[in-house]
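Listed below, chain by chain, are the residues.
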Amino acid sequence: YDYTDEQENLLFQTVRFNPKDFRQRKPDGKDGWVWNLSGVRLVPYRLPAIMKKPSIFIVEGEKDADNLWKIGIPATCNPMGAGKWREEWSKFFEGKEVFILPDRDEPGRKHAVDVGKKLYGHALRIKIIELPPKEHVKDVSDWLNQGGTKGDLLQLTKEAKEWLPPGI
């Protein structure tokens, strides 16, 4: 999965291995790779595309983001999974409507709140979207594979209440 800067220059990649494992690498400048991110600017996935959109879904992984784009829903995630969202990325979401779509587990719920807190005051509106409980559905990719549709997801976004940080 390529992570690029605003001008679509490759900064780094997340590489998926089987069994499920992820590693990051950066170009070495000689048509090869260095398997670390030392000194690399980290950015959200699909940065140039999301900067052009008025509303964005934030999911937990690149596969989920790609699957949403396939059905016409702009989506992003952060590198290295849940709990790694950076405050500095808030500037990319200024004035945007943001729908956080966490995995259906405790790390996913915590990640959604963390992302919401860091985007609050920057995004126009934030909603945390909970997928309906369904057997064998951990994330939006599972949900789509089990018959969830773009229309269903957009309906969930309409029904969701605006999210505010606790105590506000």
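Below you will find a few notes about this structure. Not measured: the values here are computed from a predicted model. (Residues numbered from 1 in each chain as written. Predicted model: local features only at pLDDT ≥ 70, side-chain atom pairs only at ≥ 80, totals over all residues. Heavy atoms only, no water.)

## Quick look at the sheet that holds strand S1 (residues 2-4)
How we decide: DSSP-based pairing: two strands are paired if at least 2 bridges between them are found. For helices the rule is a DSSP run of H or I covering at least 4 residues; for strands it is a run of E covering at least 2, with both sets numbered from the N terminus onward.
Ordered in space as S1-S2-S3-S4, the four strands form an open sheet in which the pairing is antiparallel. Of all strands in the sheet, those bounded by a partner on one side alone are S1 and strand S4 (33-34). As paired elements, strand S2 (residues 10-17) and strand S3 (residues 21-27) share five bridges and run antiparallel to each other. From the neighbouring strand, Gln 13 faces S3, where its bridge partner is Arg 25.

## Here's the deal with the pairing of S2
Pairing between S1 and S2: three bridges, direction antiparallel. Within S2, the residue paired with Thr 4 across the bridge is Leu 10. Two successive antiparallel strands, S2 and S3, enclose a turn made up of three residues.

## Observations regarding the environment of Trp 89
The test is simple: Contacts are assigned to residue pairs that have any heavy atoms within 4.5 Å of one another. The definition of a polar contact used here is a pair of N or O atoms within 3.5 Å, where within protein one atom must be able to donate a hydrogen and the other to accept one, and adjacent residues in sequence count solely through side-chain atom pairs.
Here Trp 89 lies in the loop between strand S6 (75-76) and strand S7 (97-100). With 11 residues separating them along the chain, Trp 89 and Asn 78 place their C-alpha atoms 9.5 Å apart. What Trp 89 contacts, discounting residues up to four positions off in sequence, is Leu 42, Val 43, Pro 44, Asn 78, Pro 79 and Lys 84. Polar side-chain contacts of Trp 89 include one of 3.0 Å to the backbone oxygen of Leu 42.

Note that all results are geometric; they support no functional claim without further evidence.
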